[in-house]
Amino acid sequence: MTERTLSIVKPDGVRKNLIGEVIKRFEEAGLKVVALKMTHLTKQQAQGFYHVHRERPFFDSLTSFMSSGPVVLMVLEGEEAIKKVREIMGATNPADAEPGTIRKLFADSIEENIVHGSDSAESARFEIGYFFNALEVFER
Ligand code: UDP
Ligand code: MG
């Protein structure tokens, strides 16, 4: 099934100059970039994005990190895009990530793990709509 998913090159990924590295891996997997922008999230915007985690002990640190520098937001489209992106990213904790995944290769910690990808169709819908309006997502 063709799906859309939201991915983010997090502030650590931008600082490490990995924007192209991340997008290249998605494109090589056959996914299409259908929306793309750079922004610097406010703490409040990061809190809204991660509201499902608001009760977690890492919420304050996570949202400070996510608002610590510019990020690159993108919508990816393709067959099983949600699962594909999660596989290319690797596990949340780089120590547990499969060899060759973005997080295994480039992440420093469970928090600073380079990249985000939606974890379900429901979260993809919320996350895409959080950052992009209909005119910013393209048919291609
Ligand atoms: N995170 C953290 N500590 C944890 C778990 C998660 O700092 O113990 C951060 C990490 O940046 C992660 C984000 O919170 O990517 C969202 O957590 P989630 O469990 O949704 O992981 P993901 O879906 O990104 O793999
Ligand atoms: Mg998640």
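This text follows the structure it describes.
As a starting point, this report considers the structure included with it.

So, on to the packing of aromatic side chains. For any pair of aromatic rings, the description rests on two quantities: the centre-to-centre distance and the angle between the ring planes. Applying the stated criterion to the full structure yields five aromatic pairs. Between F49 and Y130 the ring centres are 6.1 Å apart and the planes differ by 55°, which places this aromatic pair in the tilted class. With F49 in helix α3 (residues 43-49) and Y130 in helix α7 (residues 121-131), this residue pair connects regions lying 81 residues apart in the sequence. Centroid distance F126 to Y130: 5.6 Å. Interplanar angle 40°. Geometry classified as tilted. Here the residue F126 and the residue Y130 both occupy positions in helix α7, the gap between them amounting to four residues, near one helical turn. We classify F126 as partly exposed; its relative accessible area is 33%. The exposure class of Y130 is partly exposed, given its relative accessible area of 30%. Geometry around F132 places K37 over its ring, the cationic atom sitting 4.6 Å from the centre.

This part covers the site of ligand 1. Taken together, K10, Y50, H53, F58, L62, R86, T92, R103, I110, E111 and N113 make up the full set of residues adjacent to ligand 1. Contacts to ligand 1 include K10, whose side-chain N or O atom sits 2.9 Å from an oxygen atom. Relative to its unbound accessible area of 500 Å², ligand 1 is 82% covered by the protein chains. Of the pockets mapped on this structure, ligand 1 occupies the largest pocket. Taken together, the residues of the shell around ligand 1 sort by class into four nonpolar, three polar and four charged.

With respect to the secondary-structure elements, K10 resides in the loop between β1 (2-9) and α1 (11-15). Put simply, K10 is tucked away with no salt bridge, and the nearest opposite charge, on D12, sits 6.7 Å away.

The rules behind these values
- Residues numbered from 1 in each chain as written.
- Chains lettered and ligands numbered in written order.
- Predicted model: local features only at pLDDT ≥ 70, side-chain atom pairs only at ≥ 80, totals over all residues.
- Heavy atoms only, no water.
- Phe/Tyr/Trp six-rings, centres within 6.5 Å; stacked < 30°, edge-to-face > 60°.
- Helix = DSSP H or I, 4+ residues; strand = E, 2+ residues; numbered from the N terminus.
- Buried < 20%, exposed > 50% of the residue type's maximum accessible area, 1.4 Å probe, protein only.
- Lys NZ or Arg CZ within 6 Å of the ring centre and 35° of its normal.
- Near = heavy atom within 4 Å.
- Polar contact = N/O pair within 3.5 Å; in protein donor to acceptor, adjacent residues only side chain to side chain.
- Areas by Shrake-Rupley, 256 points an atom, 1.4 Å probe, with all protein chains shown as cover.
- 1 Å grid on protein atoms, 1.4 Å probe; cavity = no way out; pocket = protein on both sides within 12 Å on 5 of 7 lines; lining within 4 Å.
- Sits in = over half its atoms within 2 Å of the grid points.
- Nonpolar A, V, L, I, M, F, W, Y, C, P; charged D, E, K, R; others polar.
- Lys, Arg positive; Asp, Glu negative; His and termini not counted.
- Salt bridge = Lys/Arg side-chain N within 4 Å of Asp/Glu carboxyl O.

So yeah, pure geometry; function would need other evidence.
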